[in-house]
Amino acid sequence: MSFLDAFRIRRTRGNRVASMDREATPDDLDALRSFARTRQGVEFYVEPETMVTDTTAVAVATDGEWTRRRVGSPKVIQRVARELGLPVYDVQIVGYPERMREYNAKMKAEGRADRRLQSGGPPPVRTSRPPARTPRPRQAPPKEGE
């Protein structure tokens, strides 16, 4: 048993897969197909499996509207994209499209939080820039005689 298995963070199920998450279902793929068929200019962005989330795909329309669903593996969304004649990208290589950020900003300005990246999705993908760090306060040196 590995260290991660001991804490039920991951377990073996065929290939290594997240244990805190559910598997992709046909309904997830149907939701992506439906989104793609009812919007203009949809592109798929594959997000990698994380410790707690299976591989996901984000479908982004021309206006920036988006939806995220579990897909199980990159091969599955590639097959769906080929079936629909749509492009598919690896988000770790190309990042999220600017129109998605603009759409999120517009939703936030309207007071809607239902399409923000932080709600309901996997954690953000690492970028080349590390997060800002807060320096520790310096401790005064001990006074003589203490």
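Residues numbered from 1 in each chain as written. Predicted model: local features only at pLDDT ≥ 70, side-chain atom pairs only at ≥ 80, totals over all residues. Heavy atoms only, no water.

Chemist: For helix H3 (residues 74-84), give the residues involved together with the corresponding values.
Modeler: Here H3 has its buried residues at Val76, Ile77, Val80 and Ala81. Mapping the buried residues of H3 onto a view down its axis gives an arc of 135°, with all of them on the same face. The outward face of H3, more than 90 degrees from its buried face, is lined by the exposed residues Lys75 and Arg82. Of the surrounding elements, those touching the buried residues of H3 are helix H2 (26-38), strand S3 (43-47), strand S4 (56-60) and strand S6 (88-90). Phi turns positive one or two residues past the end of H3, at Gly85, with a value near 70°. (Buried < 20%, exposed > 50% of the residue type's maximum accessible area, 1.4 Å probe, protein only. Helix = DSSP H or I, 4+ residues; strand = E, 2+ residues; numbered from the N terminus. Arc of directions from axis to C-beta. Contact = heavy atoms within 4.5 Å.)

Chemist: Describe the packing of H2 against H3, and please don't skip the residues or the numbers.
Modeler: The interhelical angle for the contact between H2 and H3, taken along N-to-C directions, is 35°, at an axis separation of 11 Å. Of the two elements, H2 crosses H3, and the hand of that crossing is right-handed. Facing Leu29, Leu32, Arg33, Ala36 and Arg37 of H2, the residues of H3 in contact are Val76, Ile77, Val80, Glu83 and Leu84. Among the residues forming the contact of H2 with H3, the class breakdown is seven nonpolar, no polar and three charged. (Axes fitted to C-alpha atoms, helices over the stretch in contact; angles between N-to-C directions. Left-handed = near helix turned anticlockwise from the far one by under 90°. Nonpolar A, V, L, I, M, F, W, Y, C, P; charged D, E, K, R; others polar.)

Chemist: Quick one: what's the story with the sheet that holds S3, residue by residue and with numbers?
Modeler: Across the sheet, four strands lie side by side as S5-S4-S3-S6; this open sheet has mixed pairing. At either end of the open sheet lies a strand with only one pairing partner, and these are strand S5 (66-70) and S6. Going across the sheet, the axis of each strand differs from the next one's by a mean of 25°, ignoring polarity. Pairing of S3 with S4, which is carried by five bridges, proceeds in the antiparallel orientation. Counterpart to Glu47 in the pairing with S4 is Thr56. Most of the contacts of H2 go to S5, to which it runs at about 160°, and overall it touches S3, S4 and S5. (Pairing = 2+ DSSP bridges.)

Chemist: Outline a nonpolar patch on the surface, supporting the account with residue identities and numerical values.
Modeler: A surface patch of nonpolar side chains, about 310 Å² in accessible area, is lined by Tyr89, Ile93 and Val94. Along the chain, Tyr89 turns up in strand S6. (Patch = residues over 30% accessible without salt bridge, like charges linked within 9 Å, V, L, I, M, F, W, Y side chains within 5 Å. Areas by Shrake-Rupley, 256 points an atom, 1.4 Å probe, with all protein chains shown as cover. Salt bridge = Lys/Arg side-chain N within 4 Å of Asp/Glu carboxyl O.)

Chemist: Residue-level account of the confidence of the model for the protein, with values.
Modeler: Predicted confidence across the protein gives a mean pLDDT of 78, with 66% of residues reaching 70 or more. Here residues 1-13 scores under 50 on pLDDT; set against residues more than four positions off or in separate chains, the count is 25 contacts. Here residues 116-120 is a poorly scored stretch, pLDDT under 50, and it has nine contacts once near neighbours within four places are set aside; other chains count. (pLDDT = per-residue confidence, 0-100.)

Chemist: How would you explain the pairing of S3 if you had to name every residue and give the values?
Modeler: The buried fraction of S3 is high, at five of five residues. Here S3 shows a buried face lined by Glu43, Tyr45 and Glu47 and a second buried face lined by Phe44 and Val46. Taken together, the three bridges between S3 and S6 define a ladder with parallel strand orientation. Paired with Tyr45 across the bridge in S6 is Tyr89.

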